[in-house]
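Chain by chain, the residues run as shown.
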Amino acid sequence: LTAGNKIFRFGACRVSVSATEIRSGFTAIKSNIQARDPIRTLSILSYPHSLHKVKSSDRCCVAHHLFNFYVDRVFKHCKTEDSYVNRKISSIANSFLSVKRKLGQCHEQNKCTCGQESTEKFKQILANYEGLNVTSAAIKSLGELDILLDWM
Amino acid sequence: SGELYCSLPNPRNVHFESVNMKNVLHWSAPEGTGDGVLYKVKYLVYGVGKWIRKPECKNINRTWCDLSSETSDYEEQYYASVKAFLNGMCSDWIETTRFNPLTDTKIDPPMVSVSSTEKSISIILTAPENWKRGPEGESVSLLQVYPGLQYNVSVLNKKTKKRWWFSVSNNTLVVPHLEPGTAYCVSAQIYVTTPLLHSGFSKEYCIATLKDKTA
């Protein structure tokens, strides 16, 4: 367990996450990224229900879907004109990639089963995302990273 | 229709100041305006469809508004906005950045109480009370909000100037094997790992171990 890493338990799945590194990386760019998102009345992760409403039995599946979502559909659409911000984004993306792999292994080992509620929740997240143009949706999702981190 | 002409300079530096989840909106008066400016305040739960006016902060002349009650759900995030009025003119609505009570609040140092025997000191640590609606309001302890809350404790031997550091999760600590009849000073800090937050250190609480009766 490297310094700054933390073990997160998602049911039977245990994942070591460089939480401090991700959190400090996000904090450094949070106001910059959130300022690029003018839409106050829609949230990708929290609409219509907060992530905190997810049952503990569904946590692993939702986390698995979310880390795939951020790696596959968010970070790659978040290029900015600010090289400092871009570096922070790619550092966060790398950390997410390793967590995505670990959650993927749990999924393959059937430790991360998906029930109907978790599938529904992730469908809603995708619907919120696809309701915006891809760049706006990606920037909004990135600006909501603390919602994901607080939930974990 | 009596539409106000919004050319008044805007309120400045609109931001939340939060301590122990008491979340107060603050701003500065528009540039160049003397007395007589009045303000309105509204707030919004991020991701939820509408702005909500704060009646207690309608047509106020002070430059702060307590939104603790409206922002008490620390699993949500918020925006707040202020508009200024003077002599029939008004400013634009000026917003805060997105406010996350969980990560954006400041935490006060813990309270420290100490007692001693001949060779040990007992320390009891109490996290500050979270904001609550009123004297009878239900209080949410910081421990509930931050399950990973820990205390960093410093113990200083006033004679030798030797200092020890402890990190404890529960709120009591006994420091054994100390010198009888010696003054020790204790100071403590709250430390949260997720999200990363820490209070300042409390002031020092000093106490002497009892004298060795056999000496």
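Residues numbered from 1 in each chain as written. Chains lettered and ligands numbered in written order. Predicted model: local features only at pLDDT ≥ 70, side-chain atom pairs only at ≥ 80, totals over all residues. Heavy atoms only, no water.

The name given to chain A in an unreviewed UniProt entry is Interleukin family protein, with the source organism recorded as Crotophaga sulcirostris. Quoted verbatim from the Sequence similarities (unreviewed entry) heading of the UniProt record, the comment on chain A is "Belongs to the IL-10 family." If you open the UniProt record of chain A and go to Function (unreviewed entry), you find "Immune regulatory cytokine." (UniProt positions renumbered as here; feature names shortened; annotations may be inferred.)

S.K.: Could you clarify how one ought to interpret unusual backbone geometry in this entry?
M.R.: The phi torsion of most residues other than glycine is negative, and most of the peptide bonds are trans. In this structure, the amide linkage connecting Y47 of chain A to the following residue, P48 of chain A, adopts the cis form with an omega of -10°. Take P48 of chain A: it is sitting in the loop between helix 1 (19-35) and helix 2 (59-74). The residue after T194 of chain B, namely P195 of chain B, is reached through a cis peptide bond having omega -10°. The residue P195 of chain B is located in the loop between strand 14 (183-192) and strand 15 (197-198) in this model. We note that N13 of chain B has phi near 55°; this positive angle belongs to a residue other than glycine. (Helix = DSSP H or I, 4+ residues; strand = E, 2+ residues; numbered from the N terminus.)

S.K.: Got a minute to help me understand the packing of helix 2 of chain A against helix 4 (residues 116-130) of chain A in this structure?
M.R.: How two helices sit against one another is set out by the angle between their axes and by the gap between those axes. Residues and elements named next belong to chain A. Taken N-terminus to C-terminus, the directions of helix 2 and helix 4 make an angle of 25°; their axes are 9 Å apart at the nearest point. Considering the angle they form, helix 2 stands roughly parallel to helix 4. In this structure, helix 2 crosses over helix 4, and the sense of that crossing is right-handed. On helix 4, the residues that touch C61, V62, H65, L66, F69, R73 and V74 of helix 2 are S118, F122, I125, L126, Y129 and E130. In the contact of helix 2 with helix 4, the residues fall into nine nonpolar, two polar and two charged. (Axes fitted to C-alpha atoms, helices over the stretch in contact; angles between N-to-C directions. Parallel < 35°, antiparallel > 145°, perpendicular 65-115°, else oblique. Left-handed = near helix turned anticlockwise from the far one by under 90°. Contact = heavy atoms within 4.5 Å. Nonpolar A, V, L, I, M, F, W, Y, C, P; charged D, E, K, R; others polar.)

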